[in-house]
Amino acid sequence: MHIVVVDSSRVVLKMVAGLLAPKGHQVETFTDSREALAFVTDTPSVDALITSLETRPIGGFELCWSARLLAEDRRPLYIIAMSSTDNARNLSEALDSGADDFLSKPPVAEELNARLRAAQRLTALQRELIRLAETDSLTGLLNRGAFIHRLGEAARRHGPQGRLALVGIDLDHFKKINDGHGHAVGDAAIRAAGEVLGAVARDHKGFAGRVGGEEYALALPGMRGMEASDVANTLRGKISEIRVRGRSGPVKFTASLGVGEWSDGETVEGLMKRADLALFDAKANGRDRVMTAFSDVYVSRVG
């Protein structure tokens, strides 16, 4: 597990880290509780927080509460409170403040590791439940809700620098595939397009989702419109090369793509609307093409 330990005493930190590291855990130690909270906030890989109740400048109860708010935001995080004063009031207040467990300080090695094994089982289960709740079952991509949530996070991180692009993708004449070859072939086409989209997203450090029946979206943090347009055109070409097995031979299809670029004073809703409008124009202007929206200017690319 990736574990953060917080205590005002470096001696206690060294002792706890000494109990954890030999078990293979990755341990980060902090004497400053505000720095610890910032690290946990910015590091989604942290699985567990072990904090003394005697911390500063943020007190232990407040730290537990702040960490619990993070954990409620679609991430598993197990919180263990420690106190040298082992009494019912501290225990109940720590649990009411968001802690999952309570330990006397200094902790006993066997007890600490046993509790962490339980924490590992629970966080693994939570992570799997989150994955299932956020994943489109047909393609393995993010579902619509999870994609919009991730897009909001990307906007907060990359929007102020103006480097965020969104690509809307729609498979062309998809109803003809379903009507002419059956829904099983249609599902195969959706899966195949999703695999190509997922690979492109990984190649460019972005993320992708299935946001409708035959509709997808690709977020490209760190990119501006023209660069994202190049990626979209590559994706368009790869989709046009897909072949799925139909009733009377291979079935091919194309996609229309619309690119929206983040602008000053942007909102996630505005970015999504602009990408949707560009996608609508791509479909209206012949399909199998990319339209890129720069504010009110649209640029078309075919091949």
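This text follows the structure it describes.
Residues numbered from 1 in each chain as written. Predicted model: local features only at pLDDT ≥ 70, side-chain atom pairs only at ≥ 80, totals over all residues. Heavy atoms only, no water.

Asker: Explain helix α5 (residues 109-134) to me, using residue names and the numbers behind them.
Answerer: The end-to-end C-alpha distance of α5, which contains 26 residues, comes to 37 Å, matching closely the 38 Å that a straight helix rising 1.5 Å per residue would cover. For α5, the complete set of buried residues consists of Leu 112, Asn 113, Leu 116, Ala 119, Thr 123 and Glu 134. Residues of α5 that are buried make contact with β1 (2-6), α1 (10-20), β3 (48-52), β4 (78-83), β5 (101-104) and α6 (144-158). (Helix = DSSP H or I, 4+ residues; strand = E, 2+ residues; numbered from the N terminus. Expected span 1.5 Å × (residues − 1). Buried < 20%, exposed > 50% of the residue type's maximum accessible area, 1.4 Å probe, protein only. Contact = heavy atoms within 4.5 Å.)

Asker: Describe the pairing of strand β11 (residues 255-261), with residues and values.
Answerer: The buried fraction of β11 amounts to seven of the seven residues, a majority that puts the element mostly inside the structure. Across the two faces of β11 the burial is the same, with Ala 255, Leu 257, Val 259 and Glu 261 and Ser 256, Gly 258 and Gly 260 all buried. Sheet topology places strand β6 (residues 164-171) next to β11; seven bridges connect them, and they run antiparallel. If you follow Ala 165 over to β11, its bridge partner there is Glu 261. (Pairing = 2+ DSSP bridges.)

Asker: So what's going on with the sheet that holds β4? Which residues, and what values?
Answerer: With respect to topology, five strands assemble into an open sheet ordered β2-β1-β3-β4-β5, the strand pairing being parallel. What marks the edges here is a single partner per strand, and that holds for β2 (26-30) and β5. Taking each pair of neighbouring strands and ignoring which way they run, the sheet shows an average axis angle of 20°. Contacts between helix α3 (residues 60-71) and the sheet are confined to β1, β3 and β4, with β3 contributing the most and set at about 165° to the helix. Strand contacts of α5: β1, β3, β4 and β5, with the helix running at about 165° to β5, the strand carrying the most contacts. (Axes fitted to C-alpha atoms, helices over the stretch in contact; angles between N-to-C directions.)

Asker: Can you lay out the environment of Gly 182 for me, pointing to particular residues and giving the numbers?
Answerer: As for its position among the elements, Gly 182 is in the loop between α7 (174-181) and α8 (183-203). Along the sequence, Gly 182 and Arg 247 sit 65 residues apart, while their C-alpha atoms lie 8.5 Å from each other.

Asker: Can you tell me about the pattern of salt bridges, naming the residues and giving the values?
Answerer: Enumeration over the complete set of coordinates arrives at 12 salt bridges. Among the salt bridges present, the one from Asp 7 reaches Lys 105, with a minimum N-O distance of 3.0 Å. Of this pair, Asp 7 sits in the loop between β1 and α1 while Lys 105 is found in the loop between β5 and α5, placing the two residues 98 residues apart along the sequence. Here the two residues Asp 7 and Lys 105 agree in accessibility, since each one is buried. A salt bridge links Lys 283 to Asp 170; its shortest N-O distance comes to 2.7 Å. Of the two residues, Lys 283 sits in helix α10 (residues 268-284) while Asp 170 sits in strand β6, which places them 113 residues apart along the sequence. Taking relative accessible area as the criterion, Lys 283 reaches 23% and is therefore assigned partly exposed. One network of salt bridges, in which partners are shared, links Asp 7, Glu 54 and Lys 105. (Salt bridge = Lys/Arg side-chain N within 4 Å of Asp/Glu carboxyl O.)

Asker: Tell me what's going on with the side chain of Arg 68, and back it up with residues and numbers.
Answerer: Relative to the helices and strands, Arg 68 resides in helix α3. Residue Arg 68 is classed as buried on the basis of its relative accessible area of 16%. Excluding residues that lie within four positions of it along the chain, Arg 68 makes contacts with Leu 77, Ile 79, Gly 98 and Asp 100.

Asker: Kindly report on the packing of aromatic side chains, identifying the contributing residues and their values.
Answerer: In the structure shown here, the tally under the stated rule is two aromatic pairs. Ring centres of Phe 147 and Phe 207 lie 5.4 Å apart, and the angle between their planes is 55°; on these two criteria the pair is classed as tilted. You can see Phe 147 sitting in helix α6 and its partner Phe 207 sitting in strand β7 (residues 207-210), a full 60 residues away along the chain. Like Phe 207, Phe 147 is buried. We note Arg 150 situated over the ring of Phe 207; from NZ or CZ to the ring centre the distance is 4.3 Å. (Phe/Tyr/Trp six-rings, centres within 6.5 Å; stacked < 30°, edge-to-face > 60°. Lys NZ or Arg CZ within 6 Å of the ring centre and 35° of its normal.)

Asker: Outline the packing of α1 against α5, supporting the account with residue identities and numerical values.
Answerer: Axis separation between α1 and α5 bottoms out at 10 Å; the angle between their running directions is 65°. For the element pair α1 and α5, the recorded crossing hand is right-handed. Taking contact as the criterion, the partners of Val 16, Leu 19 and Leu 20 in α1 are, on α5, Ala 109, Leu 112, Asn 113 and Leu 116. Among the residues making up the contact of α1 with α5, the classes are represented as six nonpolar, one polar and no charged. (Left-handed = near helix turned anticlockwise from the far one by under 90°. Nonpolar A, V, L, I, M, F, W, Y, C, P; charged D, E, K, R; others polar.)

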